[in-house]
Amino acid sequence: MKEILLKAGTVIIGDGSVENDVSILIQGGKIAKISSETASVSGSEVLDFSDRVILPGIIDTHVHVCHDGTNPDPAEIKKHSDEYLAIRGAKFAEQLLNAGVTTAGDAAGRSEVPFAVRSAIKEGYVNGPRLLVCGRMITISAGRGAYGGSNEANGPDDVRRATREELGRGADFIKLAATGAISSESTESFTTQFNQDELQAATEEAHKLGKKTHAHAYGEPGGVNTVLAGVDVIVHGHPMTKKTIELAKKHGTQFMPTLTTYYESLQHHDEGQLPEYMVRKEKELFPLIEGGFRNAVKAGLEIVLGTDSGMPYTPFGPSSMEEMELMVRLGGMSEMDAIVAGTKDAAKALSIDKYVGTIEVGKSADLLVLESGLDPLKDLARLQTPESVEMVILEGKPVIKR
Ligand SMILES: [Zn+2]
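Residues numbered from 1 in each chain as written. Predicted model: local features only at pLDDT ≥ 70, side-chain atom pairs only at ≥ 80, totals over all residues.

**Q** Please set out the pairing of strand β3 (residues 30–35) residue by residue, giving values where relevant.
**A** Of the pairings in the sheet, the one linking strand β2 (residues 18–27) to β3 comprises five bridges and is antiparallel in character. Residue pairing in the sheet places Ile24 in a bridge with Ile34 of β3. Here β2 folds back onto β3, and the loop between the two strands holds two residues, one of which, Gly28, carries a positive phi near 55°. (Pairing = 2+ DSSP bridges. Helix = DSSP H or I, 4+ residues; strand = E, 2+ residues; numbered from the N terminus.)

The structure is reproduced here in structure tokens:
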């Protein structure tokens, strides 16, 4: 692989800091050196972006490649074969990369589909981000379900069995349903499902292999169970109450608010396309989101970027960028903190922070070169236009060039 010397005007590191007028030397797909020397290494290709902003590739920890984010019905997946879902999912992966998402976490899918998409990307048949998958969602019987993508388990021992099963299939992280869901017709969002001891059993098994657990949870009882069980990431989490926030802060639980999917869905409530049960549950939930999210930000919880792309009105790619803008607009986060949520803290949520997520020596060279004149710390919303990302570099290779 050719060495690349990338001259950058501004480098947003991903940990909250910035470096100006530096050169990044990329060797073997990794960042080998960051320095203020501009002298090129002989034999290396020089890319001069000395008037541009460079930031780490964005990490979206919550997508569903089995689902089509432009379809208003989450049950649409039932009409299709696994083969069809895999081919379509490959296209969605391409859309993520095209927008500047260099790592994504598939947060539950049917059969072998997410694994197949992961392999096809890894082996170079498909252009896509580094994909990490959880396999099937682990749920109780008669639980929230996941349109064929669930592994049902009841009681701590059985949850251990299901967790080991998903890890044995090659899951990179574990997804648990701690409560009911908006997108399942048969459950109510705030009803608790797994008990604390069941969530804890899954987390113990995942941690043995260095993998993280993410739990879908709405409402205080489900949120509290999730945090006390030692789960690493509370997913959705709304409304984040004082008690949940305090406990999450104490336990170091990360919080993934998935704002884009609610916000976009809300814009389409009056069009009559969404299932009635979703509109009803979202109307109940949406007024509770902002206050709790703001309190969580104020309390200093680590926020993680995850969009639920694939769910209704949450298409792949631009949604990941929109999530950062909503963190600022709805949660009062700074632009810089929103970027950290989509880089360093998202890498931690997927347990890959040792080699991805920030622009540091030794880490994978996953970089975005922005169009001339664009400073995301001033205009984060513009990132939602894929053309604003002029080059996407993944593992040292420019994979998208405009
Ligand atoms: Zn989801």
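**Q** Talk me through the nonpolar core; I want residue IDs and the actual numbers.
**A** Counting residues in hydrophobic clusters, the biggest one holds 116 residues, and the most contacted among them are Leu176 and Ile234. With seven residues, the top contributor of residues to this core is helix α1 (residues 82–99). Dropping the residues within four chain positions of it, Ile234 is found in contact with Ala215, Ala217, Gly223, Thr226, Val227, Ala248, Thr253, Phe255 and Met256. (Core = buried A, V, L, I, M, F, W, Y, C linked by C-beta atoms within 7 Å. Buried ≥ 20, exposed ≤ 12 C-beta atoms within 10 Å, placed from the backbone. Contact = placed C-beta atoms within 7 Å.)

**Q** Requested: an account of helix α7 (residues 259–267), with residues and values cited.
**A** Along α7, seven of the nine residues are buried, which leaves the element largely enclosed by surrounding structure. Within α7, the full set of buried residues consists of Leu259, Thr260, Thr261, Tyr262, Tyr263, Glu264 and Ser265. The inward-facing, buried residues of α7 abut α8 (276–298) and α9 (318–331).

**Q** A description of the domain arrangement of the protein chain should follow, citing residues and the corresponding values.
**A** You can read the domains of the protein chain as domain 1 (4–57 + 358–401) and domain 2 (58–349). Measuring from the centre of the C-alpha atoms in domain 1 to the corresponding centre in domain 2 gives 29 Å. Contacts between the two partners involve 22 residues from domain 1, matched on the other side by 23 residues from domain 2. Broken down by element, the residue count for the side of domain 1 that touches domain 2 peaks at three residues, all from strand β15 (residues 389–394). (Domains from an automatic or database assignment.)

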